[in-house]
Amino acid sequence: DFPDLQVIKLEQNYRSTTRILQAANAVIGNNPKLFDKKLWSEHGLGEPIKVLGMPTDEQEAQQVAIMISADHFQRKNLWSDYAILYRGNHQARVIEQALRQERIPYTISGGQSFFDKAEIKDIIAYLRLLANEDDDPAFIRAVTTPRRGVGQSTLEVLGAFSGQWQCSLFAAVYKGGIEALLTDRQLRPLREFCNFINDLEARASRPGPSGSGENAAAVLDDMMKEINYENYLYDAFDERPAQSKWQNVMEFINWLKERGCGGKDKQGEEKNLLELTQMVALMSMLEGKDEEPDAIRMSTLHASKGLEYPHVFLVGCEEGILPHKGDPDAPVEVIAQRIEEERRLMYVGITRAKRTLHITWCKKRKRAGEQVHCDPSRFIKEMALDEGTAPPLESEIISPKDRLASLKALLSTPR
């Protein structure tokens, strides 16, 4: 109908350096397309893309956290200059734990934080209460989960009484006069709960032979046994979701135990449970205070579309993850289409980076509680990083004066 139409390709990229764009071009060049397009940039050659193969997913997460921390200190960047991108939400958990271990702030888009799950918040409520008995929201959550005979009407009376005396709910349980407002049947479970918390707090902060508190792992185990949280989950939920929630709780408890055994206080002693709970309580209090916090962005590749970051870490680039493992018995054409879609996701991940890009993969990754062997993603080879130093095309060469101006513009881009 329109024989005089012309195709105008928008090929100049205003975001990324040449090396990043040439890697992206090399990858997407393996997909069939109607019109060939080659992105180019005036931001200069840029730093080489780094590919790291790590022994396990835990070491991958730890290495990424350490590299970001070091780079943040060296370049004096904002935390928000960094992004960690991954194929699926299940990859986020071990990365979150590594970032928290290094005390690096982060936000998550495209999925729920492991530490925001209801079952994790339930356990954190107990820990927050150990660290600060005046934490009323933690008191309410802990005293009612699992239920121990404390109902809404009891809490309303307790809340009105604490407001009258301007004290915390925890303190109100022991305050004289509460006996006149609550029956013995209502007051007894409240005081039993508070006595339990007091005993735990005493053990959590009790000096041990070496000067640190009682072994954090032992106190945690006794706390979990006493509150009987596993039975609560299986009573409240169907077997499969209950099992998943309990597994999350166990991972969180084990993470805390590792922090207790591996973390040291200022005197070089192992951290006791009270010190761990104070750390967890502080992280919980600081989270969500700012709408746009200065924090690393963790995101799935799907949720990262349209966004850009100066420094990107693309993790889990392995066969079975990126590209995602589909039905191996599917028709050949269906598998081919899936690989093409996965390749477009890889392209998205690469082109989110403005200045530096790190690609990581693991030789072994934990799946369903077992370590399985992994191979690097085919997309890493397709990036053709070993083919020279990615020199700029003739059309991309600009004068030193113009290049300096473009670099100044890049560095002055609002963060």
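Calculation notes
- Residues numbered from 1 in each chain as written.
- Predicted model: local features only at pLDDT ≥ 70, side-chain atom pairs only at ≥ 80, totals over all residues.
- Heavy atoms only, no water.
- Helix = DSSP H or I, 4+ residues; strand = E, 2+ residues; numbered from the N terminus.
- Buried < 20%, exposed > 50% of the residue type's maximum accessible area, 1.4 Å probe, protein only.
- Contact = heavy atoms within 4.5 Å.
- Areas by Shrake-Rupley, 256 points an atom, 1.4 Å probe, with all protein chains shown as cover.
- Disulfide = S-S within 2.5 Å.
- Phe/Tyr/Trp six-rings, centres within 6.5 Å; stacked < 30°, edge-to-face > 60°.
- Lys NZ or Arg CZ within 6 Å of the ring centre and 35° of its normal.
- pLDDT = per-residue confidence, 0-100.
- Axes fitted to C-alpha atoms, helices over the stretch in contact; angles between N-to-C directions.
- Parallel < 35°, antiparallel > 145°, perpendicular 65-115°, else oblique.
- Left-handed = near helix turned anticlockwise from the far one by under 90°.
- Expected span 1.5 Å × (residues − 1).
- Core = buried A, V, L, I, M, F, W, Y, C linked by side-chain atoms within 4.5 Å.
- Polar contact = N/O pair within 3.5 Å; in protein donor to acceptor, adjacent residues only side chain to side chain.
- Salt bridge = Lys/Arg side-chain N within 4 Å of Asp/Glu carboxyl O.

### Structural notes on the overall build of the protein
Along the protein, the regular secondary structure elements total 15 helices and 9 strands. For the protein, buried positions account for 45% of its 415 residues. Sequence-distant contacts in the protein: of pairs separated by 6 or more residues, those separated by 24 or more amount to 72%. Total accessible area on the protein stands at roughly 22,300 Å², and carbon and sulfur atoms take up 51% of it.

### Things to note about the state of the cysteines
Applying the stated criterion to the full structure yields 0 disulfides. Summary of cysteine pairing: C362 is not part of a disulfide, and the nearest cysteine sulfur, belonging to C374, is at 6.6 Å.

### Quick look at the packing of aromatic side chains
Enumeration according to the criterion identifies 10 aromatic pairs in this entry. Counting every residue linked through ring pairs, the aromatic cluster contains Y126, F139, F170, Y174 and F193. The residue whose ring lies beneath K245 is F237, and the NZ or CZ to ring-centre distance is 4.8 Å.

### Points about the confidence of the model for the protein
Predicted confidence across the protein gives a mean pLDDT of 84, with 84% of residues reaching 70 or more. Ignoring residues within four places in sequence, the model shows residues 208–212, a span with pLDDT below 50, making 6 contacts including any to other chains. Taken as a whole, residues 388–397 scores under 50 in pLDDT and shows 16 contacts with residues more than four places along the chain or in a different chain.

### Quick look at the side chain of Q97
Looking at where Q97 falls in the secondary structure, it is placed in helix α3 (residues 92–101). In this structure Q97 comes out as buried when scored by relative accessible area, which is 13%. Not counting the four nearest positions on each side in its chain, Q97 is found in contact with F114, F115, E251 and W255.

### Overview of the environment of I124
With respect to the helices and strands, the residue I124 is situated in helix α4 (residues 118–131). Separated by 18 residues in the primary sequence, I124 and A142 have C-alpha atoms spaced 8.8 Å apart.

### A few points about the packing of α4 against helix α9 (residues 216–227)
At a minimum axis separation of 12 Å, α4 and α9 run at an interaxial angle of 120°. Between α4 and α9, the angle is such that the two are oblique. The two elements α4 and α9 cross, and the hand of that crossing is right-handed. The segment α4 lies against α9, with I123, Y126 and L127 engaging L220, M223, M224 and I227.

### Structural notes on helix α8 (residues 184–205)
Every α-helical turn comprises 3.6 residues, leaving residues that sit three or four positions apart pointing alike. A rise of 1.5 Å per residue sets the reference length of α8, with its 22 residues, at 32 Å; its end C-alpha atoms lie 31 Å apart and thus fit the reference within 8%. Within α8, burial applies to Q186, L187, P189, L190, F193, C194, F196, I197, L200, R203 and A204.

### Things to note about unusual backbone geometry
Phi is mostly negative for residues that are not glycine, and the peptide bonds are mostly trans. The amide bond that connects T145 to the next residue, P146, takes the cis arrangement and shows omega of -10°. Cis peptide bonds are those with omega within 30 degrees of zero, and the linkage from L322 to P323 qualifies with 10°. Within the fold, P323 resides in the loop between β7 (309–314) and α13 (332–350). Unusually for a residue other than glycine, Q166 sits at a positive phi of about 55°. Tracing the backbone shows Q166 in the loop between α6 (152–165) and α7 (169–174).

### Structural notes on α3
The element α3 is largely enclosed, with a buried count of 8 among its 10 residues. Among all positions of α3, only A92, V94, I95, E96, Q97, A98, L99 and R100 are buried. One or two residues past the end of α3 sits R103, with phi positive at roughly 55°.

### A few points about the nonpolar core
Core analysis: the largest hydrophobic core is formed by 72 residues, its most contacted members being I84, F139 and F252. If we ignore the near neighbours within four places in the chain, the residues touching F139 are L129, L155, L158, L169, F170, V173, L190, F193 and C194.

### Here we look at the side chain of N77
Secondary-structure assignment places N77 in the loop between α2 (57–75) and β4 (82–86). For N77, a relative accessible area of 8% translates into the label buried. Engagement of the side chain of N77 in a polar contact is seen with the side chain of Y82, the distance being 3.0 Å. At 3.1 Å, the side chain of N77 forms a polar contact with the side chain of H311.

### Some details on the pattern of salt bridges
One pass over the full model with this rule turns up 19 salt bridges. A salt bridge links E47 to R75, with the nearest nitrogen and oxygen atoms 3.0 Å apart. A residue pair is termed long-range when its members are at least 10 positions apart, and E47 in the loop between β2 (40–41) and β3 (50–56) and R75 in helix α2 qualify at 28 residues. Across the pair D184 and R188 runs a salt bridge, and its minimum N-O distance is 2.2 Å. One end of the pair, D184, and the other, R188, are both in helix α8, 4 residues apart, so they sit about a helical turn from each other. Given a relative accessible area of 43%, R188 falls into the partly exposed group.

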